Amino acid sequence: MTEAARGCWGHAHGAGITHHVMAGLVVALAVFALLVPAASRADDELVPPPRLPDGRRPKIGLVLSGGGAKGGAHLGVLKVLRDLRVPVDFIVGTSAGSIAGAAYASGMSLEELEEQLRPLTTALLLRDVDRQDLPMRRKGDDAINYIGPEIGINDRGRLALPKGAVAGVSLEAVLRRFTVRQRSRSFDELPIPFRAVATDLTTAEMVVLDHGDLGLAIRASMALPALVNPVEIDGRLLVDGGVSRNLPVDVVRAMGADVVIAVNIGTPLQTREGLTSLLSVSEQMVRILTAKNVAQSLTELRESDVLITPEVSGIALTDFDHLLDASVAGEAATRRLAPRLRGLSVDEGTYAALEQRRLTDRVAAGRIDAIEIDGLNRVNEATVRAGMDSRVGTDFDATTADADIKRLFARGDFERVGYAYSDMPDGRRVLSVSLNEKSWGPQYLRFGLGLSTDLAGSSYFDLRVGHRATWLNSLGAEWRNDLQLGHTDRLSTEWYQPLVPSQTLFASASAQVSREPFDLYDDRLRIARYRKESEELRLDAGVALRNTGEFRIGLRRGTLRLGTDTGLIPGRDLVPTTDIGGVETRLQLDTLDSLRFPRQGYAVDLRLYRSHTALGAADTYSKLDLALRGAMSWGPHSLRAAYFGSHGLGSGTLPDYELEQLGGFLRLSGYRTGQFVGTGMRMGRLVYSYRVTSPGLLDGIHVGASIEVGRILDPAALTPRTGTLRSNAMYFAVDTPIGPLYIGYGRASAKDSAVYVFLGAP
């Protein structure tokens, strides 16, 4: 040791270790305890509970930290505390810890808690909208490969974005099931007094929630910044409590706890190799803030307190598919500390009495005396009420109310929806629905991209821009504009006008100009490319069949012609400018759970078009277009069937400008894209798909194979194959932030095969 070092040591030893050195040692030890999953004291050390002057049993406070899906460990901890007959007098939870804490404090049995946790998955918690709940107008958007979030244009004309990737509607519905036993708005009046910890987004201060809607308090406590939307409570914008106090020892001590049992599942910092994206870097910043405040909280533990640190490092923050695996880890970590915890146990009679008092009966539902709706500005209240199945005078049903809330959110007008069913001072039972209209609306922009190549010369891309202006009048009129550039050029505009507040009846006026290409092939050799150019006006009236379907009937009027990209014969010589006019009837039904990777449901799209010279058309004919889809699944396996047909009706033939194409990925995959052209076609396919990874925010990874059969009707002159065509395909697909990406191989014969890279829904 150098002389300088000896001098420093002597000074510190002689005068006492300085405050700064001591603080540094304490923080270092605390960080070590956070990052290394081991108890700071020997597992078999028995520390008796503190002696209280009045001889009473010490009050025990349970602190449950946040950690995302690792929060399943808290269930295992609670099981062992029950087995050891360790009473709990106060509970404080942060983020994931607030779920188990609130459920236990409000009187839920551990068996019921486990039953509620078992079916939870990442996809269930992080997906706000089930496709079946979408209005029919919104379901059609799934066929467009939109990229990124919806961009809003607010009332001041400024661009704005959502505050999080997930609104938390599904999450909030789940949380209501965990807190259904709440009787009073004061958390002190729960069977076990409870606190949830959140963070004020504007001041970074810790916010201790001790009253109000228990489910909403938990939702605020676990609103992970940038992932889940913040929650506004009492005028404060709140996010995940882990940012300010992930292990709130001081909060439970302030409630009156003499002994603290702290369960730390906080996530350690990621390694440099794990920092591979903007999301991982953002998450690392949250982990840094969490690690610092946990280190401080660990210094507040006393000798008589118990620190439980389950080994859950193998479970990712958002891997809710493995909640019960974390429970096993929590149980194992707590049993290792059983010798210490037995010093806090009580006799069987005392524990049984405490447990009986905790397990209160569920609140009786009763009838709905009134429905109050709050938070509306633009949206018509009558439209909201018409979209709900809950009715005044009927018995309250939580399942029905949850379905109502999810359906209202799926409309696309709100950034948060919630409800509370409570007793009023005057004796009425009221269902209160709270709605927050989108702060980034009422106009919206979306951008999309489509891409396909067979790596043999047939390649295309499309750029899409969509604009919606909503609630232009009290009935919910909407003005929609869409622009597509690339393989197909299209510009369309539509005014959609509901005719009644329920929006079941509507009228529509639209206009569209388009340039849609098609190729002519001599076998596999492309010899010409033409473009079907059209301008069209439409007037429709229709009925919305709730969220399942839509029926329309309307008039069409316009012109079309054939333009030339490449080819020896000019397109105008084949199809000169031609007038079109007629009546179109269309029925759509859609219950598919997804267009990207459907696993259940069906879809029907039936169009009957009657062209007539009396309506300005150059030709009189009738045409039927029919598309059928269906899907079923078992485990990771799914089977999808589809049929597409387009052909004339009656004895007459269709004119040459009524063109259909076959060929391309999953449309006779062994052939070139659009290789077969005629005035009609029929095609069927059967696709088997295996889901390799579980879905989360995205749909995961899939592999699949298809059987495809088709026929082109009244083929173009250079299309030599007029019989039944068969093809097969195999593919690998992954859902990405820019859409589903397919890499596939199609084969029809020894010379007819193709390799595809396809972005979008095929």
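Per chain, residue numbering runs from 1 following the sequence as it is written. Only residues with pLDDT of at least 70 are given local features in this predicted model, and only at 80 or more are side-chain atom pairs given and counted; all residues enter the totals for whole chains, interfaces and linings. Only hydrogens and water are removed before side-chain values are computed, so all heavy atoms of the structure are retained for them.

## Let's talk about the overall build of the chain
Working step 1: Strands are runs of DSSP state E lasting at least two residues, helices are runs of H or I lasting at least four, and both sets are numbered from the N terminus onward. On a plain count of helices and strands, the chain comes out with 18 helices and 32 strands.
Working step 2: Across the 762 residues in the chain, those meeting the buried criterion constitute 50%.
Working step 3: The contact criterion used throughout is that any non-hydrogen atoms of two residues lie within 4.5 Å. Considering only contacts in the chain between residues 6 or more positions apart, those separated by 24 or more positions represent 66%.
Working step 4: To measure how exposed things are, a 1.4 Å probe is used in the Shrake-Rupley method; for residues, cover is taken only from the protein chains shown. Of the roughly 33,800 Å² of accessible surface on the chain, 58% is carried by carbon and sulfur atoms. The buried label goes to any residue with under 20% of its type's maximum accessible area, the exposed label to any with over 50%, and the partly exposed label to all in between, with areas taken from a 1.4 Å probe on protein chains only.

## A word on the UniProt feature "active site" (unreviewed entry) in the chain
Working step 1: The sites that carry the UniProt feature "active site" (unreviewed entry) are, in the present numbering, Ser95 and Asp240. For the annotated residues, spread through 146 residues, the largest C-alpha to C-alpha distance comes to 6.0 Å, consistent with a single compact locus.
Working step 2: Residue classification places serine 95 among the buried positions, given a relative accessible area of 6%.
Working step 3: With residues near it in sequence (within four places) discarded, serine 95 still touches Gly66, Val197, Ser221, Met222 and Asp240.
Working step 4: Inspection of the secondary structure assignment puts aspartate 240 in strand β10 (residues 236-240).
Working step 5: With a relative accessible area of 7%, aspartate 240 lands in the buried category.
Working step 6: Excluding residues that lie within four positions of it along the chain, aspartate 240 makes contacts with Ser95, Ala198, Thr199, Ala220, Ser221, Met222, Ala223, Leu224 and Pro225. UniProt positions are given in the numbering used here, feature names are shortened, and annotations may be inferred rather than shown by experiment.

## Here's the deal with the packing of aromatic side chains
Working step 1: Put simply, two rings from Phe, Tyr or Trp (the six-membered ring, in Trp's case) pair if the centres are within 6.5 Å, and we call them stacked under 30 degrees between planes, edge-to-face over 60, tilted for the rest. Considering all chains together, one arrives at 13 aromatic pairs under this definition.
Working step 2: Judged by centre distance (4.2 Å) and plane angle (0 degrees), the ring pair of phenylalanine 396 and tyrosine 421 falls under stacked. Of this pair, phenylalanine 396 sits in the loop between α16 (381-386) and α17 (398-410) while tyrosine 421 sits in strand β14 (residues 414-423), and the two are 25 residues apart along the sequence. You'll find phenylalanine 396 and tyrosine 421 in the same group, each marked buried.
Working step 3: Comment: the charge-over-ring label is applied if NZ (Lys) or CZ (Arg) is within 6 Å of the ring centre and within 35 degrees of the ring normal. Just above the ring of tyrosine 444 sits the side chain of lysine 438; from NZ or CZ to the centre is 4.9 Å.
Working step 4: A cation over an aromatic ring shows up here: arginine 556 above the ring of tyrosine 609, its NZ or CZ 4.3 Å from the ring centre.

## Structural notes on helix α5 (residues 110-117)
Working step 1: Among the 8 residues of α5, 6 are classified as buried, and the element is accordingly described as predominantly covered.
Working step 2: Of all the residues in α5, the buried ones are Leu110, Glu112, Leu113, Glu114, Gln116 and Leu117.
Working step 3: The inward-facing, buried residues of α5 contact α3 (73-83), α4 (96-105), α8 (169-178) and α13 (323-336).

## Re the sheet that holds strand β13 (residues 370-374)
Working step 1: Within the open sheet, the 3 strands sit side by side as β13-β15-β14. Their pairing is mixed. A single partner strand is all that each edge strand has here, and the edge strands are β13 and β14. Strand-to-strand twist across the sheet, computed as the mean angle between neighbouring axes with direction ignored, equals 15 degrees.
Working step 2: We treat two strands as partners when DSSP finds at least two bridges between them. Strand direction decides the pairing type here: β13 and strand β15 (residues 429-437), joined by 5 bridges, are parallel. Counted as the bridge partner of alanine 370 is valine 430 from β15. Convention adopted: a line fitted to C-alpha atoms gives each axis, helices being fitted over their contacting stretch, and angles between N-to-C directions are expressed from 0 to 180 degrees.

## A closer look at the pattern of salt bridges
Working step 1: Think of a salt bridge as a Lys or Arg side-chain nitrogen and an Asp or Glu carboxyl oxygen that are within 4 Å of each other. Enumeration over the complete set of coordinates arrives at 56 salt bridges.
Working step 2: The salt bridge partner of aspartate 89 is arginine 57, with a shortest N-O separation of 2.9 Å. On the criterion of sequence distance, the pair formed by aspartate 89 in the loop between α3 and β2 (90-94) and arginine 57 in the loop between α2 (19-35) and β1 (60-64) is long-range, its members being 32 residues apart.
Working step 3: Here arginine 57 falls in the partly exposed class, since its relative accessible area comes to 26%.
Working step 4: Across the pair aspartate 200 and arginine 236 runs a salt bridge whose closest N-O atoms are separated by 2.7 Å. Of this pair, aspartate 200 sits in strand β6 (residues 194-200) while arginine 236 sits in strand β10; the two residues are 36 residues apart in sequence, bridging distant segments of the chain.
Working step 5: Residue aspartate 200 is classed as buried on the basis of its relative accessible area, which comes to 4%.
Working step 6: Judged by its relative accessible area of 30%, arginine 236 is partly exposed.

## Description of the side chain of glutamate 355
Working step 1: Its place among the elements puts glutamate 355 in helix α15 (residues 348-358).
Working step 2: Within the local environment of glutamate 355, its side chain forms a polar contact with the side chain of arginine 358, the two groups lying 2.9 Å apart. As used in this structure description, the phrase polar contact means that two N or O atoms lie within 3.5 Å; if the pair is within protein, one of them must be able to donate a hydrogen and the other to accept it, and residues adjacent in sequence are counted only when both atoms belong to side chains.

## Concerning the side chain of glutamate 550
Working step 1: Here glutamate 550 lies in strand β22 (residues 549-566).
Working step 2: Side chain to side chain, glutamate 550 and arginine 552 meet in a polar contact 2.8 Å long.
Working step 3: Once residues lying within four places of it in the same chain are set aside, the contact partners of glutamate 550 are Met136, Arg137, Phe506, Val543, Leu545, Arg586, Leu587 and Gln588.

## What to know about the pairing of strand β28 (residues 676-691)
Working step 1: Of the pairings in the sheet, the one linking strand β26 (residues 637-648) to β28 comprises 10 bridges and is antiparallel in character. Pairing of glycine 645 across the sheet is with arginine 682, part of β28.
Working step 2: In the sheet, β28 pairs with strand β29 (residues 701-715) via 13 bridges, with the strands oriented antiparallel. By the bridge assignment, serine 689 is partnered in β29 with glycine 704.

## Let's talk about the confidence of the model for the chain
Working step 1: For every residue, the predictor assigns a confidence score, pLDDT, that lies between 0 and 100. Across the chain, pLDDT averages 86, with 89% of residues at or above 70.
Working step 2: pLDDT under 50 marks residues 1-44. Its contacts with residues more than four places away, or in other chains, come to 32 contacts.

## Quick notes on the packing of α3 against α5
Working step 1: Contact pair α3 / α5: the axes reach a minimum separation of 11 Å and the direction vectors enclose 165 degrees. Comparing the axis directions of α3 and α5 gives the class roughly antiparallel. The interaxial crossing formed by α3 with α5 has left-handed handedness. When α3 is examined against α5, the residues Leu75, Leu78, Lys79 and Arg82 are found in contact with a partner set consisting of Leu110, Glu111, Leu113, Glu114 and Leu117.
Working step 2: Gly counts as polar in this scheme, as do all residues outside two lists: the nonpolar Ala, Val, Leu, Ile, Met, Phe, Trp, Tyr, Cys and Pro, and the charged Asp, Glu, Lys and Arg. Along the lines of polarity and charge, the residues of the contact of α3 with α5 split into 5 nonpolar, no polar and 4 charged. When describing relative orientation, an angle under 35 degrees is termed roughly parallel and one over 145 degrees roughly antiparallel, while 65 to 115 degrees is termed roughly perpendicular and anything else oblique. Each crossing gets its hand from how the near helix is turned against the far one by less than a right angle, where anticlockwise is left-handed and clockwise is right-handed.

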